[in-house]
Amino acid sequence: EPEVTQTPSHQVTQMGQEVILRCVPISNHLYFYWYRQILGQKVEFLVSFYNNEISEKSEIFDDQFSVERPDGSNFTLKIRSTKLEDSAMYFCASRDREFVGNTGELFFGEGSRLTVL
Amino acid sequence: AQTVTQSQPEMSVQEAETVTLSCTYDTSESDYYLFWYKQPPSRQMILVIRQEAYKQQNATENRFSVNFQKAAKSFSLKISDSQLGDAAMYFCAYRRGFFYNQGGKLIFGQGTELSVKP
């Protein structure tokens, strides 16, 4: 069964460093998302991406964050200068378009744990 | 703005028994989808069940069923014949429907941690 894959599974970085989290969405999907989950808390939406541009972003997704789909397969989340509060699990998700009989459910990757020291 | 509320941070059930997890949501939209996701200790979010708002019939997937009360904006999950493998965090989620746009972000509730006792 096709799946969303994420790398790395865990990254430890120093405050102020740049981090890139990578995702390979399911190949025929058109919509891509990043979510984050601070330990023990709810899953929060960061950004959605469609047709090579951001379609929606949350207040969390400030200028320190960026997303890119550089080669038609990978979908990356970059944090330019990490802060302690960026420590969280970051989930990538993708989905197909909606049509009658298909709710376009999101498929999630296993997450990338980011620890900022 | 749409919100999703899960008022039960933790629930416990005896193996083979039935448990119901509560979820309420707030929206002014008429076209939307509701989901229950399971997050086991492995952390990956797994879809358990979905409900289209325009459907009156409650969704069912094997041991999992929902009680969708559209007027009350309630969407509870019932797990029958609970198994040890059902132990996980369960998230209720809302998504705008096809009518509005194709952006499709999920809005999650706070989650309910379900433990299953042998």
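The rules behind these values
- Residues numbered from 1 in each chain as written.
- Chains lettered and ligands numbered in written order.
- Predicted model: local features only at pLDDT ≥ 70, side-chain atom pairs only at ≥ 80, totals over all residues.
- Heavy atoms only, no water.
- Helix = DSSP H or I, 4+ residues; strand = E, 2+ residues; numbered from the N terminus.
- Rg over C-alpha atoms; globule rule 2.2 N^0.38 Å.
- Buried < 20%, exposed > 50% of the residue type's maximum accessible area, 1.4 Å probe, protein only.
- Contact = heavy atoms within 4.5 Å.
- Salt bridge = Lys/Arg side-chain N within 4 Å of Asp/Glu carboxyl O.
- Pairing = 2+ DSSP bridges.
- Disulfide = S-S within 2.5 Å.
- Buried area = accessible area lost by both parts, 1.4 Å probe.
- Polar contact = N/O pair within 3.5 Å; in protein donor to acceptor, adjacent residues only side chain to side chain.
- Core = buried A, V, L, I, M, F, W, Y, C linked by side-chain atoms within 4.5 Å.
- Phe/Tyr/Trp six-rings, centres within 6.5 Å; stacked < 30°, edge-to-face > 60°.
- Lys NZ or Arg CZ within 6 Å of the ring centre and 35° of its normal.

Peer 1: What's the story with the overall build of chain A in this structure? I'm lost.
Peer 2: Summing up its helical and strand segments, chain A has 0 helices and 11 strands in all. Counting helices and strands in the order they occur from the N terminus, chain A gives β-β-β-β-β-β-β-β-β-β-β. Whereas a compact globule of 117 residues would reach a radius of gyration of roughly 13 Å, chain A reaches 14 Å, a difference of no more than 12%. By principal-axis analysis of the C-alpha atoms, chain A measures approximately 45 × 25 × 25 Å. Sorting the 117 residues of chain A into buried and exposed places 46% on the buried side. In chain A, the share of contacts with a sequence separation of at least 24, taken over all contacts with a separation of at least 6, comes to 54%.

Peer 1: Explanation requested: the pattern of salt bridges in the structure shown.
Peer 2: Once the charged atoms of two side chains with opposite charge are near each other, the side chains can pair. Residue and element names in this part refer to chain B. Applying the stated rule across the entire model yields 7 salt bridges over all chains. A salt bridge links Lys-55 to Glu-52; its shortest N-O distance comes to 3.6 Å. Taking the relative accessible area as the measure of exposure, Lys-55 reaches 37% and is therefore partly exposed.

Peer 1: Would you mind showing me how to read the pairing of strand β6 (residues 46–52) of chain B here?
Peer 2: Regular strands place side chains that alternate from one sheet face to the opposite one. Residues and elements named next belong to chain B. The element β6 is largely enclosed, with a buried count of 5 among its 7 residues. As paired elements, strand β5 (residues 32–39) and β6 share 6 bridges and run antiparallel to each other. What sits directly across from Lys-38, in β6, is Ile-46. Linking β5 to β6, which pair antiparallel, is a turn of 6 residues; within it Arg-43 sits at a positive phi near 85 degrees.

Peer 1: In this structure, what is going on with the state of the cysteines? I would like to understand it.
Peer 2: Counted by the stated rule, this structure contains 2 disulfides over all chains. Through a disulfide, A:Cys23 is tied to A:Cys92; the S-S separation comes to 1.9 Å. A torsion of -65 degrees about the S-S bond marks the disulfide between A:Cys23 and A:Cys92 as left-handed. Separated by 69 residues along the polypeptide, A:Cys23 in strand β3 (residues 19–24) and A:Cys92 in strand β9 (residues 88–95) bring together distant segments of the chain. The class of A:Cys23 is buried, set by a relative accessible area of 0%. Here A:Cys92 falls in the buried class, since its relative accessible area comes to 0%. The partner cysteine of B:Cys23 in its disulfide is B:Cys92, sulfur to sulfur 2.0 Å.

Peer 1: Explanation requested: the interface of chain B and chain A in the structure shown.
Peer 2: The accessible area lost on association of the parts is a frequent measure of interface size. Contacts between chain B and chain A engage 24 residues on the former and 23 residues on the latter. Interface area, chain B with chain A, both sides summed: about 2,100 Å², of which 49% is carbon and sulfur. For the pair chain B and chain A, the number of links is 2 salt bridges. Across the salt bridge formed by A:Glu56 and B:Lys105, the nearest N and O atoms sit 2.9 Å from each other. In this assembly, chain B and chain A are joined by 7 residue pairs in polar contact (both at pLDDT 80 or more). Secondary structure elements with two or more residues in the side of chain B that touches chain A: β5, β6 and β10 (88–96) of chain B.

Peer 1: Honestly, the nonpolar core in this entry has me stumped. Any pointers?
Peer 2: Within soluble globular proteins, side chains that are nonpolar generally end up buried alongside one another. B:Tyr25, B:Trp36, B:Phe75, B:Leu77 and B:Tyr90 are the most contacted members of the largest nonpolar core, which has 26 residues in total. For this core, the secondary-structure elements that each account for two or more residues are β3 (19–21), β5, β6, β8 (64–69), β9 (74–79), β10 and β12 (112–117) of chain B. Within the second largest apolar cluster, 21 residues are counted, among which are A:Ile26, A:Leu46, A:Phe65 and A:Leu114.

Peer 1: Even after reading the chapter, I still don't get the environment of A:Thr13, so can you show me in this structure?
Peer 2: Residue and element names in this part refer to chain A. Along the chain, Thr-13 falls in strand β2 (residues 10–13). Each C-alpha atom, one on Thr-13 and one on Leu-117, is 6.2 Å from the other, the two residues being 104 residues apart in sequence. Excluding its chain neighbours within four sequence positions, the residues that come into contact with Thr-13 are Val-19, Thr-82, Leu-114, Thr-115, Val-116 and Leu-117.

Peer 1: Looking at this model, I keep getting lost on the packing of aromatic side chains. Mind explaining?
Peer 2: Counted under the stated rule, the structure contains 21 aromatic pairs over all chains. Ring centres of A:Tyr35 and A:Phe45 lie 5.7 Å apart, and the angle between their planes is 70 degrees; this geometry places the pair in the edge-to-face category. Here the residue A:Tyr35 occupies a position in strand β4 (residues 31–37), and A:Phe45 occupies one in strand β5 (residues 43–50), the gap between them amounting to 10 residues. Accessibility classification places A:Tyr35 together with A:Phe45 in one group, the buried group. Counting every residue linked through ring pairs, the aromatic cluster contains A:Tyr33, A:Tyr35, A:Phe45, A:Phe91, A:Phe108, B:Tyr33, B:Phe35, B:Tyr37, B:Phe91 and B:Phe108. Here the basic side chain of A:Arg95 rests over the ring of A:Tyr31, its NZ or CZ set 4.2 Å away from the ring centre.

Structural measurements only, silent on function.
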